[in-house]
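Notes for the structure review
Residues per chain, in single letters:
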Amino acid sequence: MQQYALITGASKGIGYALAAELAKRGIHVLLIARNEQLLQQVAERLTNEYKVSADYLAIDLTENDAARKIVDWTVQKQYSINILINNAGYGLSGALENYPLTEHKNMMQLNMTVPLELSYLLLPQLKQQNAAYIMNVASGAAYQAVPGLNVYAASKAFILSFSRGLRYELKHSHVSVTAVCPGATETDFPNRAKVTSAKAQKMAAKFNMQPQEVAAIAINGMFARKAEVVTGFVNKLAVFFAWLLPKSLLEKSAAGIYDL
Ligand SMILES: NC(=O)c1ccc[n+]([C@@H]2O[C@H](COP(=O)([O-])OP(=O)(O)OC[C@H]3O[C@@H](n4cnc5c(N)ncnc54)[C@H](OP(=O)(O)O)[C@@H]3O)[C@@H](O)[C@H]2O)c1
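My aim in this report is to walk through the structure given alongside it, one point at a time. (Residues numbered from 1 in each chain as written. Predicted model: local features only at pLDDT ≥ 70, side-chain atom pairs only at ≥ 80, totals over all residues.)

Moving on: the overall build of the protein. Counting secondary structure elements, the protein contains 10 helices and seven strands. Taking 18 Å as the expected radius of gyration for a compact globule of 260 residues, we find that the protein reaches 18 Å, a close match to that expectation. Along the first, second and third principal axes, the C-alpha atoms of the protein reach 55 × 40 × 35 Å. Within the span of the protein, comprising 260 residues, buried residues form 42% of the whole. Of all intrachain contacts in the protein linking residues separated by at least 6 positions in sequence, the fraction that spans at least 24 positions is 72%. (Helix = DSSP H or I, 4+ residues; strand = E, 2+ residues; numbered from the N terminus. Rg over C-alpha atoms; globule rule 2.2 N^0.38 Å. Buried ≥ 20, exposed ≤ 12 C-beta atoms within 10 Å, placed from the backbone. Contact = placed C-beta atoms within 7 Å.)

So, in structure tokens, the structure goes:
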């Protein structure tokens, strides 16, 4: 039976690059995001370029029961899944009270609840495969509190911890779980997060990695069954300093970047 990788947030940015990297390796892909037109274009491009099967489902993952609807769609289409990539996510920059509570809750739904639900619902199927993989896209922000990107950083800390714990629980199965922690990557992320701070923009311009580079590192790490993948030398260094330095110093420096 033909096997597929299911990737959320696959219409652009890192998710698109992950789908393209898999397709390049001859892996069939199922693409999830909201913008149907973009998904259709991506599916056609990957099919034409890499001769793989690519299908898509346009759905808002913050809808109630979105994960269940995705799984029902794969069952109805008889797709067998051996790779799940939880990539869709976004941030909200600025102080907590700058946004309505519902916006924070929607972000938490997308960044935390949907990866948990998709992992839970697809696990029985993944366990039946000879080799299966879950990749959860976290962030360098998972390693410390980030005032000015606070709920986002906390949601990524959840994803990192959830991935490591699930990985351990599945250690006697054929399912490997990898958390991928990118740093600044050139995508639509800062626009969606409404990052206006000149300092943050300057730093991103200096250290931004390209999504293709991030995706290649992430997919290699996933197939190597790594627990945690931090993309690029500068981001590895940042994670090391997050471990080494006092939390108060890290938080002050992060707050400065986000103009708080
Ligand atoms: N870029 C960075 O600097 C960076 C750094 C560390 C971690 N990350 C993480 O990398 C992941 C991908 O982010 P990105 O930078 O590639 O951002 P992006 O360019 O904004 O792409 C986000 C993807 O998620 C989809 N998406 C957003 N909201 C959705 C919703 N409610 N329902 C369904 N799909 C939705 C988007 O498609 P639609 O808009 O069509 O729905 C798009 O395909 C995120 O988890 C992010 O936290 C990014």
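Next comes the rest of the account.
In this model, helix H4 (residues 101-128) (28 residues) spans 40 Å end to end at C-alpha, consistent with the 40 Å of a helix rising 1.5 Å per residue. For H4, every residue scored as buried is listed here: Met-107, Leu-110, Asn-111, Val-114, Pro-115, Leu-118, Ser-119, Leu-122 and Leu-126. In the core, the buried residues of H4 are packed alongside strand S1 (3-8), helix H3 (66-76), strand S4 (80-86), strand S5 (132-137), helix H5 (150-169) and strand S6 (175-181). (Expected span 1.5 Å × (residues − 1).)

Taken together, the neighbourhood of the ligand is formed by 28 residues, with Gly-9, Gly-13, Arg-34, Asn-35 and Gly-89 sitting nearest. Of all the elements in the fold, those that place two or more residues in the shell around the ligand are helix H1 (13-24) and helix H6 (189-192). A total of three residues in the shell around the ligand trace back to one element, the largest contributor, which is H1. Residues that form the shell around the ligand fall into these classes: 12 nonpolar, 11 polar and five charged. (Near = placed C-beta within 6 Å. Nonpolar A, V, L, I, M, F, W, Y, C, P; charged D, E, K, R; others polar.)

A few words now on the sheet that holds S4. On the basis of which strands lie adjacent, the open sheet formed by seven strands has the order S3-S2-S1-S4-S5-S6-S7 and parallel pairing. With partners counted over all chains shown, the strands left at the sheet margins are strand S3 (54-58) and strand S7 (228-230), one partner each. When strand polarity is set aside, the average angle formed by the axes of neighbouring strands in this sheet is 20°. Pairing between strand S2 (residues 28-33) and S3: five bridges, direction parallel. Its bridge partner being in S3, Ala-33 is matched across the sheet by Ala-58. Across the face of the sheet, H5 comes into contact with S5 and S6 while running at roughly 160° to S6. (Pairing = 2+ DSSP bridges. Axes fitted to C-alpha atoms, helices over the stretch in contact; angles between N-to-C directions.)

Here the focus is the packing of H4 against H5. One way to put it is that H4 packs onto H5 with a least axis distance of 9 Å and a crossing angle of 10°. Taken as axis vectors, H4 and H5 run roughly parallel relative to one another. Each of His-104, Met-107, Met-108, Asn-111, Met-112, Pro-115, Leu-116 and Ser-119 in H4 lies in contact with H5, whose residues at this interface are Val-151, Tyr-152, Ser-155, Lys-156, Phe-158, Ile-159, Phe-162 and Leu-166. Within the contact of H4 with H5, the residues separate by chemical class into 11 nonpolar, four polar and one charged. (Parallel < 35°, antiparallel > 145°, perpendicular 65-115°, else oblique.)

The subject of this paragraph is the nonpolar core. Among the nonpolar cores identified, the biggest contains 73 residues, and Ile-7, Leu-18, Ala-19, Val-29, Leu-31, Leu-46 and Ala-218 are the most heavily contacted of them. No other element matches the eight residues that H1 contributes to this core. Residues within four places of Ala-19 in sequence aside, it is in contact with Ile-7, Ala-10, Val-29, Leu-31, Val-42 and Leu-46. (Core = buried A, V, L, I, M, F, W, Y, C linked by C-beta atoms within 7 Å.)

Take the packing of H1 against helix H8 (residues 211-223) next. Running from N to C, H1 and H8 cross one another at 55°; their axes reach a closest spacing of 8 Å. Compared by their axis directions, H1 and H8 come out oblique. The interaxial crossing formed by H1 with H8 has right-handed handedness. In this structure, H1 uses Gly-13, Ile-14, Ala-17, Leu-18, Glu-21 and Leu-22 to contact H8, whose residues at the interface are Pro-211, Gln-212, Val-214, Ala-215, Ala-216, Ala-218 and Ile-219. Here the residues of the contact of H1 with H8 are counted per class, giving 10 nonpolar, two polar and one charged. (Left-handed = near helix turned anticlockwise from the far one by under 90°.)

Its place among the elements puts Gly-140 in the loop between S5 and H5. In the structure, Gly-140 is positioned 91 residues away from Thr-231 in sequence and 8.9 Å away in space, judged by C-alpha atoms.

This part is about unusual backbone geometry. Positive phi, close to 70°, is recorded for Asp-65, a residue that is not glycine. Within the fold, Asp-65 resides in the loop between S3 and H3. On the basis of neighbour counts, which here come to 9 C-beta atoms within 10 Å, the residue Asp-65 falls in the exposed class. In the Ramachandran plot, Asp-259 falls in the positive-phi region, its phi being about 60° despite a non-glycine side chain. Examined against the element boundaries, Asp-259 turns out to sit in the segment after helix H10 (247-257).

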